[in-house]
Amino acid sequence: MTQQPEQGEHPRVVVVGPEGMAVAGGEPGKRPDQDDDESITDLVNQPAKVMRIGSMIRQLLEEVRSAPLDEAGRNRLKEIHRSSIRELESGLAPELVEELERISLPFSDSEVPSESELRIAQAQLVGWLEGLFHGIQTALVAQQMAARAQLEHMRRALPAGQHPSQEARSGSGMYL
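Residues numbered from 1 in each chain as written. Predicted model: local features only at pLDDT ≥ 70, side-chain atom pairs only at ≥ 80, totals over all residues. Heavy atoms only, no water.

> Whenever I open this one, the overall build of the protein chain confuses me. Can you help?
A count of helical and extended segments in the protein chain gives five helices and two strands. The burial tally for the protein chain puts 28% of its 176 residues in the buried class. Residue pairs in contact within the protein chain that sit at least 24 positions apart in sequence constitute 70% of those at least 6 positions apart. (Helix = DSSP H or I, 4+ residues; strand = E, 2+ residues; numbered from the N terminus. Buried < 20%, exposed > 50% of the residue type's maximum accessible area, 1.4 Å probe, protein only. Contact = heavy atoms within 4.5 Å.)

And the structure:
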């Protein structure tokens, strides 16, 4: 049995994926993609690009640690660092771009940075990216847990002995 919304209320819509998990839903009158505080997963426009650049930066940091660099190598690494940040910024929402700009100090145009300056800059960027990735993972786990809780709540709301698959076969099931 479905509850009908009272006059002036919007119905609550829940989209259930093929595995029986709620994949979208929300408060009445609110789109599923709206959130009071923006989700970290919404802040990364191009996650695959950010992951590729993060992997490249981590590998560069390992290379810098293992071998000394001459002036040309340090200059090249400085340019790679700059272009990596620019590319990352193109895959991030403005809030994360601002944060990245605050934490990453630019190298001067005229001087070639020392190896230690490059290592610190690369390590700082790798650390920031790892924090971003952990934040995304945490947000995804929280969303998954909320979807599971919502599904369990929906299952408990069904009449005793009735299972969603039985309703679908009988043709008298609720539309989710």
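> In this structure, what is going on with the side chain of Gln122? I would like to understand it.
Mapping Gln122 onto the fold places it in helix H4 (residues 115-157). A relative accessible area of 2% means that Gln122 is categorised as buried. Not counting residues up to four positions away in its chain, the partners in contact with Gln122 are Ile57, Leu60, Leu61, Leu77 and His81.

> Help me understand helix H2 (residues 71-90), please; the structure alone is not making it clear to me.
The α-helix advances 3.6 residues per turn, and as a result positions three or four apart in sequence lie on the same side. Under the 1.5 Å per step criterion, the end-to-end length of H2 is 29 Å for 20 residues, consistent within 8% with the ideal 28 Å. Residues of H2 that are buried: Arg74, Leu77, Lys78, Ile80, His81, Ser84, Ile85 and Leu88. One side of H2 holds all its buried residues, which, seen down the axis, span an arc of 165°. Away from its buried face by more than 90 degrees, H2 exposes Glu71, Ala72, Arg76 and Arg86. Elements in contact with the buried residues of H2: helix H1 (47-66), helix H3 (94-103) and H4. (Expected span 1.5 Å × (residues − 1). Arc of directions from axis to C-beta.)

> What is the right way to look at the packing of H1 against H2 in this model?
Two quantities define a packed helix pair, namely the angle between the helix axes and the distance between the axes. Two numbers describe how H1 lies on H2: the axes approach to 10 Å, and their chain directions differ by 160°. Classified by the interaxial angle, the pair formed by H1 and H2 is roughly antiparallel. Crossing geometry of H1 relative to H2 is assigned as left-handed. Contacts between H1 and H2 pair Lys49, Val50, Ile53, Met56, Ile57, Leu60 and Val64 from the former with Leu77, Ile80, Ser84, Glu87, Leu88 and Ser90 from the latter. The residue inventory of the contact of H1 with H2, partitioned by class, reads nine nonpolar, two polar and two charged. (Axes fitted to C-alpha atoms, helices over the stretch in contact; angles between N-to-C directions. Parallel < 35°, antiparallel > 145°, perpendicular 65-115°, else oblique. Left-handed = near helix turned anticlockwise from the far one by under 90°. Nonpolar A, V, L, I, M, F, W, Y, C, P; charged D, E, K, R; others polar.)

> Would you explain the confidence of the model for the protein chain in this entry?
When pLDDT is low, close inspection of the predicted coordinates is not appropriate. Here the protein chain shows a mean pLDDT of 74. Residues at 70 or above account for 67%. When the criterion is pLDDT under 50, residues 1-18 qualifies, and its contacts beyond four places in sequence or with other chains add up to 29 contacts. Here residues 20-37 is modelled with pLDDT under 50, and outside its nearest four sequence neighbours on either side it reaches 30 contacts, counting other chains as well. (pLDDT = per-residue confidence, 0-100.)

> Can you help me understand the environment of Ser116 in this one?
Here Ser116 is to be found in helix H4. Take Ser116: its relative accessible area is 37%, and that puts it in the partly exposed class. In the structure, Ser116 is positioned 51 residues away from Arg65 in sequence and 9.3 Å away in space, judged by C-alpha atoms.

> Before we go on, may I ask you to explain the pattern of salt bridges in this structure?
Between side chains of opposite charge, a pair can form as their charged atoms come close. Evaluation of the coordinates by the stated rule reveals seven salt bridges. Across the pair Asp109 and Arg82 runs a salt bridge whose closest N-O atoms are separated by 2.7 Å. Here Asp109, found in the loop between H3 and H4, pairs with Arg82, found in helix H2; they are 27 residues apart in sequence, far enough to count as distant. For Asp109, a relative accessible area of 66% puts it in the exposed group. Between Arg119 and Glu115 there is a salt bridge whose closest N-O contact spans 3.5 Å. Taken as a pair, Arg119 and Glu115 lie in helix H4 at a separation of four residues, close to a single helical turn. The class for Glu115 is partly exposed, based on a relative accessible area of 21%. Three or more residues joined by partner-sharing salt bridges are found here, namely Glu79, Arg82 and Asp109. (Salt bridge = Lys/Arg side-chain N within 4 Å of Asp/Glu carboxyl O.)

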